[in-house]
Each structure stands twice: as C-alpha cells, then as structure tokens.
Amino acid sequence: MITQSRVAPDVVALSAALPGPGGTMLPVNAYCLLGPEPVLVDTGLSPLGEQFRSELWNLVDPADLRWVVVTHDDRDHTGSLRTILDQAPQATVVTNFISMVKIGEDWPLPMDRLRLVNTGDRLGIGDDVLHVFRPPTYDSPGTLAFHAVHRSICFSSDCLGAFLPDTVELGANAEDLPADDYAAGVAVFASALSPWMHDIAADRWHATLADLRRRDVGTLLSTHGLAVRHGLGPLLDMAAGLPAGAAFVSPGQEFVDAVLSMSGNAH
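Each value, and the rule that gives it
Residues numbered from 1 in each chain as written. Predicted model: local features only at pLDDT ≥ 70, side-chain atom pairs only at ≥ 80, totals over all residues. Heavy atoms only, no water. Helix = DSSP H or I, 4+ residues; strand = E, 2+ residues; numbered from the N terminus. Buried < 20%, exposed > 50% of the residue type's maximum accessible area, 1.4 Å probe, protein only. Contact = heavy atoms within 4.5 Å. Polar contact = N/O pair within 3.5 Å; in protein donor to acceptor, adjacent residues only side chain to side chain. Salt bridge = Lys/Arg side-chain N within 4 Å of Asp/Glu carboxyl O. 1 Å grid on protein atoms, 1.4 Å probe; cavity = no way out; pocket = protein on both sides within 12 Å on 5 of 7 lines; lining within 4 Å. Points joined across faces, edges and corners; volume = space filled by probe spheres on them. Pairing = 2+ DSSP bridges. Axes fitted to C-alpha atoms, helices over the stretch in contact; angles between N-to-C directions. Phe/Tyr/Trp six-rings, centres within 6.5 Å; stacked < 30°, edge-to-face > 60°.

Describing the environment of D127
Then step 1. Relative to the helices and strands, D127 is located in the loop between strand 8 (122-124) and strand 9 (129-133).
Then step 2. For D127, a relative accessible area of 35% corresponds to the partly exposed category.
Then step 3. Taking C-alpha positions, D127 is 37 Å from D181, a pair spaced 54 residues apart along the chain.
Then step 4. The contact partners of D127, leaving out residues within four places of it in the chain, are G35, P36, H150 and R151.
Then step 5. A polar atom in the side chain of D127 sits 2.8 Å from the side chain of R151.

Okay, here's the thing in structure tokens:
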C-alpha cells in the first residue's frame, strides 16, 4: 500500500514499507517536489507500481514531470522508472554512470533523456538547485544524495534510514518517536546497509559527517526513514559513534524455518 504525506510545503512522500528483523519495518519512500519543474526522487517498489503511479499522477500531470532523480540503481529505487518514462515524455533521468550501467543490465536508459551527474555537480530545477554529493552511508557505488539548496532539503538516499517498529505510521516525523528509539533504528540500519562502516578510519568517518553537518539542511528525507524536520545535529552526533557500535548480524536459516513453521510448511 502507498501512503501519501506532505513532508515539506511543496514536497510529498509516496511511502510503502518492507518487513524488517524482529518485528520492525523499513520505510520505502519516493518524493515528488512540486516546483515549476516537478522532480520525482526515486520511483518506488515494482510490485506496487500501479498504485504508485496513480498516486504520483494525482500530484503532477505526466506531461509536466521534468526530472526523475535516481539516487542509485537498487530496485526499491527504480521500480516504476521504465513505465514513468513511457508515460512522462518530458522527463529526464538524473543519475550517475554506475547506476546507468547497472540499470542497463535490465533495460537501457534512453541516452537522449539522461543527465549524468557526479559529486560536486549542481542541477538547476527552475526555482531551486540540486547540489550532488556522496552521503556518509550507502550500499551501492552509484549512490548520490541531492541537496535542494534554496529549500534546505536533503534527499539522502539510504543514508540515515532506520528500521522502525511496525506500529509506526508512515508519514510521521522522526521527532514523533523517542529520540533514543529512532537513533537505535538508524544504528541497526546503517550497520546492515554499510558493514564497511565498522572498518573505516575514525578521522575519515568524522570528515564525512562534517560535510553533511556543514550543509544548511532544515529537513532530511531518506528513502528508508521518517522525515527529520528539526535539524540534523542530534542525529549526526549519534552517528559519530556508529562505527564503534555493534555490527549487524543478518538472520540465518532459523528465520526461514520460523516462517515455514508459522505457515504450516515446516519439513
């Protein structure tokens, strides 16, 4: 199911959820920025594609969509990409070379509708500028984050996402949860997403966080978290200690056995 929520005056989240470990869930968000040159940031899960596109086209006419930003090539970011390009003839895909190549393993992006960007690039979107940078955590070498400079909004891709209790409503703000609970969900997800984080030199990790801290980010919008609306300071202070935290241990065969047992299909 797709949930629609307004996370900034002219930014709407289109959200779904995936099951996470231990009674948690993982939000999967795409964002539609409703400016003079409408922007879609990521394109959702393919199994929910029809509903996703219905919600999207209720926000913006397909003929008006100007930019489709793909923060990286994972399928929870590209689920409706091909159909959206078919339905929105003026839309240009914004991504980088690595994501372009990986998406091309399934189908080639049309080169005449492609804008390749790299860290440090700036893209004008009518009434704002998207500043491109590498976020502190990521699981794909194609990952980019996009800072809408004039709006003080950062689309951080997977960075600072969180496993959350499955009772949390999509569309809530991170500040609606107890700070320690949200920080714990961020810590587990960061370790699962970027296990290399536990091996990185402390000075390099702190420098990466400092780059994000220096940005004028009033609202942070992760593909896999809740909207952080009241500044990044406390969250980044917590993130400084992530490499020293416990490494994520992925569920093993016991998870499959438990699911089969509950469904009555145990061997």
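Considering the side chain of T71
Then step 1. Of note, T71 is situated in the loop between strand 5 (67-69) and helix 2 (75-78).
Then step 2. At a separation of 3.5 Å, a polar atom in the side chain of T71 contacts the side chain of H72.
Then step 3. Of the polar contacts made by the side chain of T71, one reaches the side chain of S157; its length is 2.9 Å.
Then step 4. With near-sequence residues (within four places) excluded, T71 lies in contact with V41, D42, H77, G142, T143, L144, F146, S157 and T223.

Focus: the pattern of salt bridges
Then step 1. Taken as a whole and judged by the stated rule, the model has seven salt bridges.
Then step 2. Linking D10 and R151 is a salt bridge whose minimum nitrogen-to-oxygen distance equals 2.8 Å. With D10 in the loop between strand 1 (3-8) and strand 2 (11-19) and R151 in the loop between strand 10 (145-148) and strand 11 (153-155), this pair connects stretches of sequence that are 141 residues apart.
Then step 3. Judged by its relative accessible area of 18%, R151 falls in the buried class.
Then step 4. Salt-bridge contacts for R151 lead to D128; the nearest nitrogen and oxygen are separated by 2.9 Å. Residue R151 is found in the loop between strand 10 and strand 11, and its partner D128 is found in the loop between strand 8 and strand 9; the two are separated by 23 residues along the sequence.
Then step 5. Judged by relative accessible area, D128 falls into the buried class, the value being 2%.
Then step 6. Put simply, D10, D127, D128 and R151 are held in one network by salt bridges that share partners.

Some thoughts on the layout of surface pockets
Then step 1. What the largest pocket holds in volume is close to 300 Å³.
Then step 2. Along the wall of the largest pocket there are 14 residues; nearest its centre are R75, T78, G79, D106 and W107.
Then step 3. Examining the composition of the lining of the largest pocket, we find that three residues originate from one element, helix 3 (residues 81-87), more than from any other.
Then step 4. There is about 230 Å³ of room inside the second largest pocket.

Considering the pairing of strand 2
Then step 1. Pairing analysis gives five bridges linking strand 1 to strand 2, with the strands arranged antiparallel. Its bridge partner lying in strand 2, S5 is registered against A13.
Then step 2. As paired strands, strand 2 and strand 3 (residues 24-33) are joined by nine bridges and run antiparallel to one another. Following the sheet pairing, A17 is matched in strand 3 by P27.

Quick look at the sheet that holds strand 11
Then step 1. Strand order across the open sheet formed by five strands is 8-9-10-11-13, with mixed pairing between neighbours. Of all strands in the sheet, those with a lone pairing partner are strand 8 and strand 13 (219-221), marking the two edges. Neighbour to neighbour, the strand axes of the sheet diverge by 20° on average, direction disregarded.
Then step 2. Where strand 9 lies against strand 10, four bridges are found, and the strand directions are antiparallel. Paired with V132 across the strands is F146, a residue of strand 10.

Let's talk about the packing of aromatic side chains
The geometry of an aromatic ring pair is captured by two quantities: the separation of the ring centres and the angle between the planes.
Then step 1. Per the stated rule, a full pass over the model turns up four aromatic pairs.
Then step 2. A centroid spacing of 5.7 Å and a plane angle of 50° characterise the contact between Y31 and F155, whose relative ring orientation is tilted. In this pair, Y31 is assigned in strand 3 and F155 in strand 11, connecting sequence segments 124 residues apart. Exposure class is identical for Y31 and F155. Each is buried.
Then step 3. The interplanar angle of 25° and the centroid separation of 6.4 Å between the aromatic rings of F163 and F248 together place this pair among those described as stacked. A residue pair is termed long-range when its members are at least 10 positions apart, and F163 in the loop between strand 11 and strand 12 (164-165) and F248 in the loop between helix 7 (233-239) and helix 8 (253-262) qualify at 85 residues.
Then step 4. Assessed through its relative accessible area of 29%, F248 is described here as partly exposed.
Then step 5. Cluster of aromatic residues (ring-pair linked, three or more members): F163, F189 and F248.

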